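For reference, the chains in residue letters:
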Amino acid sequence: MSELFYNAAPNATRVAPPLPEPRQYPAQKPGNAYLFGTCVLDLFFPEAGLDAIRLLEREGIQVHFPQEQSCCGQPAYTSGYTDEAREVARAQLALFAEDWPLVVPSGSCAGMIRHHYCELFKDEPATLRQVQALAARTFELAEFLLHICKVEFKDRGQPTRIALHTSCSARREMNTHLHGRALLAQLERVERVEHDHEGECCGFGGTFSVRMPDISGAMVADKTRALQDSGAAEVVSADGGCLLNINGALEKQHAPLRGQHLASFLWKRTGGAR
Amino acid sequence: MNSQARIPAVELSSRDLKHNAHNALGDAQLRGNMRKAMDSLMAKRLASMPDEYEREHLREMGNHVRARALSRLPELLERLEANLTRNGVKVHWAETTEEANRIVLEIAERHQAKQVIKGKSMVSEEMEMNHFLERHGIEALESDMGEYIIQLDHEKPTHIIMPAIHKNARQVADLFHDRLGEPYTEDVDALIQTGRRVLRKKFLEADIGVSGVNFAVAETGTLLLVENEGNGRMSTTVPPVHIAVTGIEKVVENLRDVVPLLSLLTRSALGQGITTYVNMISGPRKADELDGPQEVHLVLLDNGRSQAFADGELRQTLNCIRCGACMNHCPVYTRIGGQAYGTVYPGPIGKIISPHLMGLENTPDHPSASSLCGACGEVCPVKIPIPSLLRRLREENVKAPDDPHKVMRGQGSKYSPRERLLWKGWRLLNRSPWLYRVFGFFATRLRGLTPSNLGPWTQNHSAPKPAARSLHELAREHLEGK
């Protein structure tokens, strides 16, 4: 783009406004961190949550898991039940009072806390300040491992080909699809294969999948076909919702492929024992 | 075309999005055509804006230009009217589509018009102008090739830029063969020549030319119209009378504002640096000029736009410059096509603008027909936060009927006491640690009892079975065991 555009609309902005700065990360690894387990992982993929804890502990971080935590509030929020979402969010807020990072092993729940909590509490100035502070120290797991723990993984597994599915929130709200890639790239015997329409939604969308089962079904059918056609032996994702959707569809189709959480994949590949 | 021979179009109801979508999903031809077309459009957009840094700056600027125009909308509309009037253009205001149609009809009757030729205009679709004029004995013929194909097939446009994108060459060949009695050919050039031959004659015969407006410039009183086929230029200059119809939101402050918007519009829509034709209409033919219409009219239509304007957040809907990029990138639109929406504007932008034009009672499922994946917001050239506006409309849609905050026509159309109660239960569960613990305990311990039929979920998935023990339990054991 040339100067032409800047000169073209002088009343709008003489110089176009700056783009958002890339996120700044603390130079020091913290001694403590909270883990927000997410409701989907809690019930359906608890091992993945535990593997996330183990990965953090191996980096010398003391992990705190407040037992009173439940859900980030996203299902109600995206369904239009804003008051209900706000009250559930408020209950979570109280649990992470220390100034430790909050690590979330799911892009969409991380995106909810980091971006949408501010919207939820925009009319409550005191809470908003608290929410903004929490948002600033909320990290998606891959992001945290890469930029704050600065992990250097040693691959201890057999050669394999994997497909990485990233949730839309990870991709568009948290920018963590690149972080997941970077972590996987450290594993020398893991080949990441691209799949068809990799950046496209798997069709979950929380309650969308039950409100619009036909459309959602068409989306997940295309996604599972693309994953199977990719030649990947394993599917990895950092989002419980997507895994629930993709694995449920694969199982219904009697396909042998299954997705697993990035945390579990990383823990196993790097020699972690359960 | 003989208007007497036309069969009424099969109307897909906007109230029946789910049902329409179900049928569209079963149409393998449509699915294939749409996927192919959208993949190509996505690639073209990206190729036309290869530098991410420049693209984002340009989008930011587009957003600022539109936001500034909307922040002064009433004032700019008055300036537009004053300057257009000074230029000799007659300006009309219409609150509803009926009013807009009556204004057009009055002009047509004054000129005893029998034939109208139209350039592409989504607002005239909104008005269903063709049907209205036909009912009053006036033939309205679409001159945009895509619109012409759709009109021949008695369909509604499937896309705001490419109305016939859901059809492939073979389907158009069949159509021209059946409806126009042309020899069958799948040669695209030959098909275009056929359309052109029919239309050329009509440009000369028509009494009135109708067009839309891409940007209405307040400062100079200029109507800007971009197009690729030349039909827009023909229909606005050849007939003796030109009527432009536009929504009130299309106004921008000055000509400079148009530069970034134009660049964004054509790149986002078709990956073009600029279109073949950029028409700037500043008034009727002057005494010493050789061509151009003798009369130019502009109809400014509200039709629910001021409802969107009234709310600071929803107002962003009106930033739209109608490029269609959100459709091209939408996984839902790609699969069901535009007609399933049953609205003039389909896809993501359609889901946020249609409820204002038609009321939420007529578009009850539109805000929900999205996984909120965010692809639309990511590509929108003027940065309309479509996903968050969809979420906001969902909120309006589930409001109780006695809610004191009246924001939208038809709000609360998805209000369900049962669903509200469910979410209240959900809130209770997630706010009460002991209840959540009891729930987790039973869900995991009784996992064997998980029903295999979970309604809509098990339509596409096997029933999810909870783990034997929850993360809460595993984490407690693990962390306390240290």
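Every value quoted in this text rests on a predicted model; they were computed, and no experiment measured them. (Residues numbered from 1 in each chain as written. Chains lettered and ligands numbered in written order. Predicted model: local features only at pLDDT ≥ 70, side-chain atom pairs only at ≥ 80, totals over all residues. Heavy atoms only, no water.)

### Quick notes on the overall build of chain A
Then comes step 1: Secondary structure assignment for chain A yields 14 helices and eight strands.
Then comes step 2: For 274 residues, the compact-globule estimate of 2.2 N^0.38 gives 19 Å, and the C-alpha radius of gyration of chain A, at 20 Å, lies within 12% of that figure.
Then comes step 3: Dimensions of chain A, computed from the C-alpha atoms along their principal axes, are close to 55 × 45 × 40 Å.
Then comes step 4: Counting over 274 residues, chain A shows a buried share of 64%.
Then comes step 5: Sequence separation of at least 24 residues holds for 78% of the intrachain contacts in chain A that already meet a minimum separation of 6.
Then comes step 6: Computing the positive centroid from 28 side-chain charges and the negative centroid from 33, chain A places the two 3 Å apart. (Helix = DSSP H or I, 4+ residues; strand = E, 2+ residues; numbered from the N terminus. Rg over C-alpha atoms; globule rule 2.2 N^0.38 Å. Buried < 20%, exposed > 50% of the residue type's maximum accessible area, 1.4 Å probe, protein only. Contact = heavy atoms within 4.5 Å. Lys, Arg positive; Asp, Glu negative; His and termini not counted. Charge placed at Lys NZ, Arg CZ, Asp CG, Glu CD.)

### Section: the pattern of salt bridges
Should their charged atoms come close, side chains of opposite charge can pair.
Then comes step 1: Under the definition given, this model contains 54 salt bridges over all chains.
Then comes step 2: Of the charged contacts in the structure, one is a salt bridge between Glu-194 of chain A and Arg-192 of chain A, with a shortest N-O distance of 3.4 Å.
Then comes step 3: For the salt bridge of Arg-392 of chain B with Glu-313 of chain B, the shortest nitrogen-to-oxygen distance reads 2.7 Å. With a gap of 79 residues between them, Arg-392 of chain B in helix α18 (residues 386-397) and Glu-313 of chain B in the loop between α13 (305-310) and α14 (325-328) connect regions that are remote in the sequence. (Salt bridge = Lys/Arg side-chain N within 4 Å of Asp/Glu carboxyl O.)

### So, the interface of chain A and chain B
Then comes step 1: Between chain A and chain B, the contact holds 77 residues from the first and 77 residues from the second.
Then comes step 2: Here chain A is connected to chain B by eight salt bridges.
Then comes step 3: Close ionic contact of Arg-172 of chain A with Glu-378 of chain B constitutes a salt bridge, the shortest N to O distance being 3.0 Å.
Then comes step 4: The tally of links from chain A across to chain B stands at 31 residue pairs in polar contact (both at pLDDT 80 or more).
Then comes step 5: In terms of residue count, helix α5 (residues 82-93) of chain A provides more of the side of chain A that touches chain B than any other element does, nine residues in total.
Then comes step 6: Here the residues of the side of chain A that touches chain B are counted per class, giving 40 nonpolar, 20 polar and 17 charged. (Polar contact = N/O pair within 3.5 Å; in protein donor to acceptor, adjacent residues only side chain to side chain. Nonpolar A, V, L, I, M, F, W, Y, C, P; charged D, E, K, R; others polar.)

### Here we look at the packing of helix α8 (residues 141-148) of chain A against helix α10 (residues 177-185) of chain A
Residue and element names in this part refer to chain A.
Then comes step 1: Contact geometry of α8 with α10 gives a least axis separation of 8 Å together with a crossing angle of 60°. The angle between α8 and α10 falls in the class oblique. At the point where α8 passes α10, the crossing takes the left-handed sense. Contact residues: Ala-142, Glu-143, Leu-145, Leu-146 and His-147 in α8; His-179, Gly-180, Ala-182 and Leu-183 in α10.
Then comes step 2: Across the contact of α8 with α10, the residue classes break down as five nonpolar, three polar and one charged. (Axes fitted to C-alpha atoms, helices over the stretch in contact; angles between N-to-C directions. Parallel < 35°, antiparallel > 145°, perpendicular 65-115°, else oblique. Left-handed = near helix turned anticlockwise from the far one by under 90°.)

### Here's the deal with the environment of Glu-98 of chain A
Residue and element names in this part refer to chain A.
Then comes step 1: Note that Glu-98 resides in the loop between α5 and β3 (102-104).
Then comes step 2: For Glu-98, a relative accessible area of 43% corresponds to the partly exposed category.
Then comes step 3: In sequence terms Glu-98 and Leu-134 are 36 residues apart; their C-alpha atoms lie 9.7 Å from each other.
Then comes step 4: Excluding anything up to four places from it in sequence, Glu-98 contacts Tyr-34 and Arg-137.

### Some details on α10 of chain A
In an α-helix there are 3.6 residues to a turn, and that puts residues three or four apart on one side.
Residues and elements named next belong to chain A.
Then comes step 1: Every buried residue belonging to α10 is among His-177, His-179, Gly-180, Leu-183 and Leu-184, and all of these are buried. Viewed along the axis of α10, the buried residues span an arc of 160°, placing them on a single side of the element.
Then comes step 2: The secondary structure elements touched by the buried residues of α10 are α8, β5 (160-165), α9 (168-172), β6 (190-193) and α14 (262-269). (Arc of directions from axis to C-beta.)

### Some remarks on the packing of helix α16 (residues 347-358) of chain B against α18 of chain B
Residue and element names in this part refer to chain B.
Then comes step 1: Interaxial distance between α16 and α18 falls to 9 Å at its minimum, and their mutual angle equals 40°. Judged by the angle between their axes, α16 and α18 are oblique. Every pair of crossing elements has a handedness; the one defined by α16 and α18 is left-handed. Contacts from Pro-348, Ile-349, Lys-351, Ile-352, Pro-355 and His-356 in α16 reach Ile-386, Leu-389, Leu-390 and Leu-393 in α18.
Then comes step 2: Residues belonging to the contact of α16 with α18 are distributed by class as follows: eight nonpolar, one polar and one charged.

### Let's talk about the environment of Leu-301 of chain B
Residue and element names in this part refer to chain B.
Then comes step 1: As for its position among the elements, Leu-301 is in strand β10 (residues 295-301).
Then comes step 2: Expressed as a C-alpha distance, the spacing of Leu-301 and Ser-370, which sit 69 residues apart in the sequence, is 28 Å.
Then comes step 3: Here Leu-301 is in contact with Ala-94, Glu-95, Thr-96, Thr-97, Ala-100, Val-123, Glu-126, Met-127, Thr-246, Gly-247 and Ile-248, once residues within four sequence places are set aside.

### Points about the packing of aromatic side chains
Then comes step 1: Summed over the entire model, instances satisfying the criterion amount to twelve aromatic pairs over all chains.
Then comes step 2: An aromatic cluster is built from Tyr-34, Phe-36, Phe-96 and Trp-100 of chain A, whose rings are joined through pairwise contacts.
Then comes step 3: Looking at Arg-315 of chain B, its charged tip hangs above the ring of Phe-309 of chain B, at a distance of 3.9 Å from the centre.
Then comes step 4: Stacked on the ring of Tyr-345 of chain B, the Lys or Arg Arg-322 of chain B has its end atom at 4.6 Å from the ring centre. (Phe/Tyr/Trp six-rings, centres within 6.5 Å; stacked < 30°, edge-to-face > 60°. Lys NZ or Arg CZ within 6 Å of the ring centre and 35° of its normal.)

### Quick notes on the side chain of Glu-182 of chain B
Residues and elements named next belong to chain B.
Then comes step 1: Relative to the elements of secondary structure, Glu-182 occurs in the loop between α9 (169-180) and α10 (188-205).
Then comes step 2: Of the polar contacts made by the side chain of Glu-182, one reaches the side chain of Arg-197; its length is 3.0 Å.
Then comes step 3: For Glu-182, the contacting residues outside a window of four places in its chain are Phe-176, His-177, Thr-194 and Arg-197.

### Points about unusual backbone geometry
Residue and element names in this part refer to chain B.
Then comes step 1: Of note in the backbone geometry, His-154 takes a positive phi value of approximately 55° without being a glycine.
Then comes step 2: Among the secondary structure elements, His-154 is positioned in the loop between α8 (145-152) and α9.
Then comes step 3: Residue His-154 is classed as buried on the basis of its relative accessible area, which comes to 11%.

### Concerning the confidence of the model for chain B
Residue and element names in this part refer to chain B.
Then comes step 1: Of all residues in chain B, 98% have pLDDT values of 70 or greater, and the mean over the chain is 94.
Then comes step 2: With pLDDT under 50 throughout, residues 1-9 is counted as low confidence; its partners more than four residues away or in other chains account for 14 contacts.
Then comes step 3: At the level of chain-chain contacts, confidence expressed as ipTM amounts to 0.94, with global pTM at 0.94. (pLDDT = per-residue confidence, 0-100.)

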